[in-house]
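Now for the letters of each chain:
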Amino acid sequence: MPLLLPASDPAAIEAAAQRLAAGSLVGMPTETVYGLAADADNATAVHRIFAAKGRPADHPLIVHLAPGEGAQGWRAGVDHYAREVPAFAAALMKAFWPGPLTLILPRRDGVAAVAAGGQDSVGLRCPAHPVAQALLVAAAARGVSGVAAPSANRFGRVSPTTAAHVAEEFSDLPDDGLLILDGGACPVGIESTIVDATRGHPVLLRPGMITPAQLEAACGQPVRLRDEAAPRASGTLESHYAPRAKVRLMDGKPLQAALDVLGADAKHIAVYAHSPLKVARGVPLRRMPLDAARCAQELFAVLRELDATGVRLIWVETPPADTAWDGVRDRLQRAAA
Ligand code: TXA
Ligand code: MG
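Predicted model, so just to flag it, every value in this text is computed and none were measured. (Residues numbered from 1 in each chain as written. Chains lettered and ligands numbered in written order. Predicted model: local features only at pLDDT ≥ 70, side-chain atom pairs only at ≥ 80, totals over all residues. Heavy atoms only, no water.)

*Asks:* Quick one: what's the story with the pattern of salt bridges, residue by residue and with numbers?
*Replies:* Within the structure shown, the criterion is met by 14 salt bridges. One salt bridge connects Arg-304 with Glu-168, and the closest N-O pair in it is separated by 3.5 Å. Of the two residues, Arg-304 sits in helix H9 (residues 292-308) while Glu-168 sits in helix H6 (residues 163-169), which places them 136 residues apart along the sequence. Several salt bridges converge on common partners, so that one network encompasses Glu-191, Asp-330, Arg-331 and Arg-334. (Salt bridge = Lys/Arg side-chain N within 4 Å of Asp/Glu carboxyl O. Helix = DSSP H or I, 4+ residues; strand = E, 2+ residues; numbered from the N terminus.)

Printed below as a string of structure tokens:
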């Protein structure tokens, strides 16, 4: 079993930083989801991430940078990893870092090539979570410039938003193979918004809780949606974030109609809906919050919980059309694909 330590203990942060510096893996809470972290400049350590996740090695990882603008803060980190920073990207960093925004920048030759999955670009993010920040600062003090961390789940599966989820995903790793810092439930709950800054104008690669309108207001440029020329991003694969049960998205009315037809035969189905639906006794039902941020926060935990009831199908009511729901809708569409 992986070693699970409370992040409130400063000795646990030190132990985790030491492991990062030694090339080992750490389960790191961030404001979005938990990450599976390793020293981004240590190719052997980064290979351990790909192996543990079962993720193809050509799928690039995000490199996390320490807070602050000093010698070991994110500005120094950006200099270390990025060849250049377009003005609109600098404006986005200023507006949203630390926070749930990842920027894809042209990569400096010879750095973090394995973490970048062979791309000539690199994804950078300065997380806002106090535990991630403390860990990144402690690791930087030991010479670690940045920490590569994909979401801490097996490839294609639901992202983890608690330390227990991470322990479940990697229960086969030994305690000296993975130390998980328990920092509680992640407050944002879905992964960072990703903006590609390598093509002269901002391109949205993955929607998140920072919306295009907020990005545009901060950088003064229109944000384009990704097209087929966009670089590969596993978070942008059509099928991703999938529980074991089959997920189906439906509007409230047809969802209710289908439940009515099945009646007590709906026991193999779980339901997650914002409308007040009627279900037969024994059908697991979770009410979806009407606030997008609150829904994002619980989304992955709810999918895991409904999955764990052993149902074959999870029927989810289509979220509202409002752009505040883009991130949640995106994750649900991929879970259903
Ligand atoms: O919120 C998050 O972003 C979380 C936490 C742990 O920070 N991390 C996360 O990592 O979601 P991951 O690996 O599950 O998703 C990162 C996405 C992937 O879709 C990856 O392909 C894309 O970022 N990405 C990373 N570097 C890239 C690059 N150089 N070019 C294009 N896409 C890149
Ligand atoms: Mg992921």
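*Asks:* I'd like a description of the sheet that holds strand S13 (residues 269-273), backed by residues and values.
*Replies:* Taken in spatial order, the four strands of this open sheet run S12-S15-S13-S14, and their pairing is parallel. Each end of this open sheet is capped by a strand with a single partner; those strands are strand S12 (246-250) and strand S14 (285-287). When the angles between neighbouring strand axes are averaged without regard to direction, this sheet yields 15°. Here S13 runs beside strand S15 (residues 313-317); their pairing, made up of four bridges, is parallel. Note on S15: the bridge partner recorded for Ala-270 is Ile-314. (Pairing = 2+ DSSP bridges. Axes fitted to C-alpha atoms, helices over the stretch in contact; angles between N-to-C directions.)

*Asks:* An account of the pairing of S13 is requested, with residue identities and associated values reported.
*Replies:* Counted residue by residue, S13 has five buried out of five residues, so it is predominantly covered. A two-sided burial pattern is seen for S13, the buried positions comprising Ile-269, Val-271 and Ala-273 on one face and Ala-270 and Tyr-272 on the other. With three bridges joining them, S13 and S14 adopt parallel strand pairing. Across the sheet, residue Val-271 finds its bridge partner in S14, namely Leu-285. (Buried < 20%, exposed > 50% of the residue type's maximum accessible area, 1.4 Å probe, protein only.)

Geometry only, nothing functional implied.
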